[in-house]
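# Working through the structure, step by step
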Amino acid sequence: MRSERSRGESFKVFSRDNVGPTAFVVNYSALRGVSNMRDIIHLRDFITYICNYLIGYMPVWWGRKLFYKALGARLDANVKIDMGAYLMAPRRLAIGKFTHCNRGCTFDARGGLTIGSCVSISHRVVLMTGSHDINSVNFQGRFKPIVIDDYVWIGVGAIVLQ
């Protein structure tokens, strides 16, 4: 990855091919004071990038847990989230005691995601609270909460939709 500063305001980070999900722009004026909605979106995208591509692959599980808590996730005692987890809106994620989330899981918490205690989530599980209104002219997003009770096992590759 390379980075560059242009026009004194923006800081750009690119992937090797300059396209794809790793390309983003952060406007530093968002850090001094919110001037418009675009700044908020860029800052949110930057935080999501850090959460999923740096923190998500940190080799120490308790380090990931600390960062996720710092980003607003409510994680109880003995929660373990393995490497490669992809979180959307961690501030709307709540996970109960003794829950284990295996590698490569996707947690879309934009609509609110609550996972109970003593839950086992297997590899590559997707919990998706978001969808789109197919009757909308602009394909507007819709979000509904997902609640997973205590003592649940979700098998490999399962997809739970709103």
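Attention here is on the structure that accompanies the text. (Residues numbered from 1 in each chain as written. Predicted model: local features only at pLDDT ≥ 70, side-chain atom pairs only at ≥ 80, totals over all residues. Heavy atoms only, no water.)

What follows concerns the overall build of the protein chain. Looking only at helices and strands, one finds three helices and 17 strands in the protein chain. Within the protein chain, the proportion of its 162 residues that are buried is 38%. Considering only contacts in the protein chain between residues 6 or more positions apart, those separated by 24 or more positions represent 26%. Accessible area for the protein chain stands at about 9,700 Å²; split by element, carbon and sulfur atoms hold 57% of it. (Helix = DSSP H or I, 4+ residues; strand = E, 2+ residues; numbered from the N terminus. Buried < 20%, exposed > 50% of the residue type's maximum accessible area, 1.4 Å probe, protein only. Contact = heavy atoms within 4.5 Å. Areas by Shrake-Rupley, 256 points an atom, 1.4 Å probe, with all protein chains shown as cover.)

On to the sheet that holds strand E8 (residues 100-101). Two orientations exist for strands paired in a sheet by backbone hydrogen bonds: parallel and antiparallel. Strands sit in the order E5-E8-E11-E16 across an open sheet of four strands; the sheet is parallel. Edge positions in the sheet fall to strand E5 (80-81) and strand E16 (153-154), since each has one partner strand and no second. Here strand E11 (residues 120-121) runs beside E16; their pairing, made up of two bridges, is parallel. Paired with Ile121 across the strands is Ile154, a residue of E16. (Pairing = 2+ DSSP bridges.)

Okay, the nonpolar core next. Counting residues in each nonpolar core, the largest one holds 24 residues, and the members touching the most others are Tyr68, Phe107, Ile115, Ile121 and Leu127. Secondary structure elements with two or more residues in this core: strand E7 (93-95), strand E10 (113-115) and strand E15 (146-148). Ignoring sequence-local partners within four residues, the contact set of Phe107 consists of Tyr86, Leu87, Met88, Cys101, Leu113, Ile115, Ile121 and Leu127. (Core = buried A, V, L, I, M, F, W, Y, C linked by side-chain atoms within 4.5 Å.)

Turning our attention to the packing of aromatic side chains. The full count for this structure, using the stated rule, is one aromatic pair. Ring centres of Tyr49 and Tyr53 lie 5.1 Å apart, and the angle between their planes is 35°; this geometry places the pair in the tilted category. Of the two residues, Tyr49 and Tyr53 are both situated in helix H2 (residues 37-54); the distance of four residues between them amounts to about one turn of the helix. Classification of Tyr53 as partly exposed rests on a relative accessible area of 34%. (Phe/Tyr/Trp six-rings, centres within 6.5 Å; stacked < 30°, edge-to-face > 60°.)

Here we come to the side chain of Asp82. If you trace the backbone, Asp82 turns up in the loop between E5 and strand E6 (86-88). By relative accessible area, which is 10% here, Asp82 ends up buried.

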